[in-house]
Amino acid sequence: MNRKALKLDAKTLLNAHFKFFLLLFIPVFVLELIGGYMTSPRQDYSVELNATTATPIWTGQQTFGTIVSLLSSIIAIGIAFVCIDAMRQKLTYEKPLQKSMTVFDNVDYFLGTILIYIIETIFVFLWMILLIIPGIIKSIAYSQAFYAYRDAVDNGEKISYLDAITRSRKLMDGHKWEYFVMALSFIGWDCW
């Protein structure tokens, strides 16, 4: 499917079921606001300096904010699963708040999401040590791992977390630039 057709299909679905999608994304919006507020530096109390070394001390509030942001990311992956079901025409447009927690409905989804997230983060970090560009390329190559894992689980297939990342890498061979351009074309939707 080309980018223009994909965007047109997405807009059609969004316009037809706007209230559903708005309510679907509310938990992520709220958690992102809370996490962003808790982790943002504020002069009055968020960063304390250690008197002997002049290094910042991580406060409990910042730790809580980071955990909330991670939870938001996990829920966003579950919402992406719901959006894929919508594009595949396998979705009933009811109970949006409950569907936003899709990743918690299945232990395989939950564990897979968390462990793939951790493994991807480690791999991309190691690639970023080399240079920024290889890290970006690898993050794009690994971008489909959650979806490859979810499809395998739904089909009753046993797949390891590393196999999901490998499938993503193979799926993205020759398509990284297309994905990058598509992600840029949706950037206004992310800011919505």
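Here the structure is a predicted model, which is why all the values come from computation and not from measurement.

1. Remarks on unusual backbone geometry
The backbone of Gln 89 sits at a positive phi, close to 60°, despite the residue not being glycine. Tracing the chain through its elements places Gln 89 in the loop between α3 (60–87) and α4 (96–99). Assessed through its relative accessible area of 74%, Gln 89 is described here as exposed. With a phi close to 55°, Lys 95 is a non-glycine residue in the positive phi region.

2. Let's talk about the packing of helix α5 (residues 107–130) against helix α7 (residues 145–154)
Where α5 contacts α7, the axes come no closer than 10 Å and their chain directions differ by 150°. The angle between α5 and α7 falls in the class roughly antiparallel. By crossing handedness, the relation of α5 to α7 is classed as right-handed. Residue-level inspection shows Asp 108, Tyr 109, Gly 112, Thr 113, Ile 116, Tyr 117 and Glu 120 of α5 in contact with α7, the latter providing Ala 145, Phe 146, Tyr 149, Arg 150, Val 153 and Asp 154. Per-class residue counts for the contact of α5 with α7 are seven nonpolar, two polar and four charged.

3. Thoughts on the packing of α5 against helix α6 (residues 132–141)
Close contact between α5 and α6 brings their axes to 6 Å; oriented N to C, the two are set at 155°. The angle between α5 and α6 falls in the class roughly antiparallel. The hand of the α5/α6 crossing is right-handed. Between α5, through Val 124, Trp 127 and Met 128, and α6, the contact on the second element is made entirely by Ile 132, Pro 134, Gly 135, Ile 136, Lys 138 and Ser 139. Broken down by class, the residue content of the contact of α5 with α6 amounts to six nonpolar, two polar and one charged.

About the thresholds
Residues numbered from 1 in each chain as written. Predicted model: local features only at pLDDT ≥ 70, side-chain atom pairs only at ≥ 80, totals over all residues. Heavy atoms only, no water. Helix = DSSP H or I, 4+ residues; strand = E, 2+ residues; numbered from the N terminus. Buried < 20%, exposed > 50% of the residue type's maximum accessible area, 1.4 Å probe, protein only. Axes fitted to C-alpha atoms, helices over the stretch in contact; angles between N-to-C directions. Parallel < 35°, antiparallel > 145°, perpendicular 65-115°, else oblique. Left-handed = near helix turned anticlockwise from the far one by under 90°. Contact = heavy atoms within 4.5 Å. Nonpolar A, V, L, I, M, F, W, Y, C, P; charged D, E, K, R; others polar.

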